[in-house]
Amino acid sequence: MKAGSAAPPPDIARARAWVITDGKAGDETQCLGLVETLGLRADVRRIPGRAPFSWLAPWGPVDPRHAPGRSGGALAGPLPDLLLASGRQAVPYLRAIRRASAGRTFTAFLKDPRTGPASADFIWVPDYDDLRGANVLTTPTPPHRVTPARLAAARAAPDPRLAALPRPRVAVLVGGDSRHLRFSAADTARLLAELSALSEAGASLMLTVSRRTPPALRAALAALAKDRPAFFWDGSGENPYVPMLALAEAVVVTSDSANMVGEAVSTGVAVLLFELPGTYVRHRRFFAGLQAAGALAPFTGQLDMLHYAPIDATPEIARRLADAYMRHQAGIALSR
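All values reported here derive from a predicted model rather than from experimental measurement.

The rules we used
Residues numbered from 1 in each chain as written. Predicted model: local features only at pLDDT ≥ 70, side-chain atom pairs only at ≥ 80, totals over all residues. Heavy atoms only, no water. Phe/Tyr/Trp six-rings, centres within 6.5 Å; stacked < 30°, edge-to-face > 60°. Helix = DSSP H or I, 4+ residues; strand = E, 2+ residues; numbered from the N terminus. Buried < 20%, exposed > 50% of the residue type's maximum accessible area, 1.4 Å probe, protein only. Lys NZ or Arg CZ within 6 Å of the ring centre and 35° of its normal. Axes fitted to C-alpha atoms, helices over the stretch in contact; angles between N-to-C directions. Parallel < 35°, antiparallel > 145°, perpendicular 65-115°, else oblique. Left-handed = near helix turned anticlockwise from the far one by under 90°. Contact = heavy atoms within 4.5 Å. Nonpolar A, V, L, I, M, F, W, Y, C, P; charged D, E, K, R; others polar. Salt bridge = Lys/Arg side-chain N within 4 Å of Asp/Glu carboxyl O. Core = buried A, V, L, I, M, F, W, Y, C linked by side-chain atoms within 4.5 Å.

S.K.: Could you give an account of the packing of aromatic side chains, naming the residues involved and the relevant values?
M.R.: Throughout the structure, instances matching the rule amount to three aromatic pairs. Residues Phe 106 and Tyr 325 carry aromatic rings whose centres are separated by 5.7 Å and whose planes lie at 85° to one another, so their mutual orientation is edge-to-face. Linking Phe 106 in strand β4 (residues 106–110) with Tyr 325 in helix α11 (residues 314–335), this pair joins segments that are 219 residues apart in sequence. For Tyr 325, a relative accessible area of 5% corresponds to the buried category. The interplanar angle of 40° and the centroid separation of 5.5 Å between the aromatic rings of Phe 286 and Phe 287 together place this pair among those described as tilted. The exposure class assigned to Phe 287 is buried, which follows from its relative accessible area of 4%. Members of the aromatic cluster, connected to one another through ring pairs, are Tyr 128, Phe 286 and Phe 287. Sitting above the plane of the Trp 18 ring, Arg 45 keeps its charged end 4.0 Å from the centroid.

S.K.: Could you give an account of the packing of helix α9 (residues 258–265) against helix α10 (residues 281–292), with specific residues and numbers?
M.R.: Packed helices, taken two at a time, are described by their axes: the angle between them and the distance between them. Put simply, α9 and α10 touch, their axes get as near as 11 Å, and they point 15° apart. By the angle class used here, α9 and α10 are roughly parallel. The element α9 and its partner α10 pack so that their crossing is left-handed. Between α9 and α10, the contacting residues are Ala 258, Val 261, Gly 262 and Val 265 on the first element and His 283, Phe 286, Phe 287 and Leu 290 on the second. The residue inventory of the contact of α9 with α10, partitioned by class, reads six nonpolar, two polar and no charged.

S.K.: Residues and numbers for the pattern of salt bridges, please.
M.R.: If you walk through the whole model with that rule in mind, you get 20 salt bridges. In this structure, the salt-bridge partner of Arg 98 is Asp 121, at a minimum N-O distance of 3.1 Å. Placement of the pair is Arg 98 in helix α3 (residues 91–100) and Asp 121 in the loop between β4 and β5 (122–126), with a sequence separation of 23 residues. You can call Asp 121 partly exposed: its relative accessible area is 23%. The structure contains a network of salt bridges with shared partners spanning Asp 129, Asp 130, Arg 282 and Arg 285.

S.K.: Help me get a handle on the packing of helix α1 (residues 25–38) against α11, residues and values and all.
M.R.: Contact geometry for α1 and α11: axes closest at 9 Å, N-to-C directions at 70°. Taken together, the axes of α1 and α11 lie roughly perpendicular to each other. Contacts between α1 and α11 involve Gly 33, Leu 34, Thr 37 and Leu 38 on the former and, on the latter, Thr 314, Pro 315, Ile 317, Ala 318, Leu 321 and Ala 322. Of the residues assigned to the contact of α1 with α11, the class counts are seven nonpolar, three polar and no charged.

S.K.: Got a sec to walk through the nonpolar core? Specific residues and values, please.
M.R.: Counting 35 residues, the largest nonpolar core has Leu 173, Val 251 and Val 261 as its most contacted members. Tallying contributions element by element places helix α8 (residues 241–247) first for this core, with six residues. When near neighbours in sequence (up to four residues on either side) are disregarded, Leu 173 contacts Thr 208, Tyr 241, Leu 245, Val 251, Val 252, Val 253, Thr 254 and Met 260.

S.K.: Mind laying out the environment of Leu 151, listing which residues take part and the relevant values?
M.R.: Assignment of secondary structure puts Leu 151 in helix α4 (residues 148–156). Among all residues touching Leu 151, those that are not within four sequence positions of it are Val 146, Val 242, Leu 245, Ala 246, Ser 266 and Thr 267.

Structure representation (structure tokens):
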């Protein structure tokens with residue numbers, strides 16, 4: 001999906017909206033990317049994970065302390081017109097709101113809820129997932145918040161911490177340990193060696209890490225950035241994530257995060273994948289598709305330049321969600 005698809009209908013911007021997740025950054029970012037594209041003001045509600053309810057998700061009940069309408073709970077207050085949720089822990093709460101609203105709240109879920117396509121009014125999953133249904137939309141890349149407008153603004157007023165670096169500038173997006181894989185000592189040594197080779201060949205490195213990055217890897221990357229043309233974001237000052245992408249001639253990204261890869265290919269610059277041995281098999285399908293599209297290549301310590309149109313499914317997902325919401329609203333109006 002190329003960037004710049006038609007905008008969603010403006011009527012949806014008047015909807016009272018909630019975002020529900022358990023606070024995982026990747027899930028929340030996907031939801032907020034659609035919220036912003038739709039022009040919504042959403043109330044972000046985070047579900048606290050309390051046993052045994054967290055163990056039973058997505059099939060079990062909600063924590064009674066956070067049931068819809070419960071004073072002081074995560075779902076207190078008037079129910080929304082539109083609910084956007086993601087993550088296994090959010091599924092029971094989406095189901096409870098749907099029931100409490102007698103179907104009036106339009107429910108949208110991002111990624112496979114594991115409880116079937118009837119779990120929500122609208123479901124988005126990446127192409128590499130298996131879930132299909134009349135209300136299920138699939139796209140090659142996930143929704144996110146890295147819009148053409150934000151990239152253009154970051155280029156027009158470049159972050160001085162990055163603009164001083166000589167070209168070519170390479171954004172280095174490092175994730176961390178996940179349910180499916182771990183950064184071994186060998187992985188860390190290989191990544192450092194390949195980034196050193198890239199730097200010694202003349203590239204400036206703009207490095208950022210995630211909350212999942214192991215402390216030893218974080219420290220090693222910070223040390224790598226010293227005494228060479230490089231910038232390592234240590235968490236101080238404004239987050240330079242979008243400015244890094246905006247000013248990069250290429251992006252190196254680790255294979256633990258499909259979200260970061262999806263954000264990187266929205267820039268239209270070369271995306272170089274540092275693949276970890278335990279990479280999730282479905283993510284491998286995603287990466288293979290991007291490689292076939294000419295947007296991604298393996299990272300080997302060299303600066304490979306790729307040429308492709310930016311790939312961004314966020315506007316299309318937003319438009320399709322808005323269309324489904326408007327049909328849902330029309331159905332409610334007819335039933336009155």
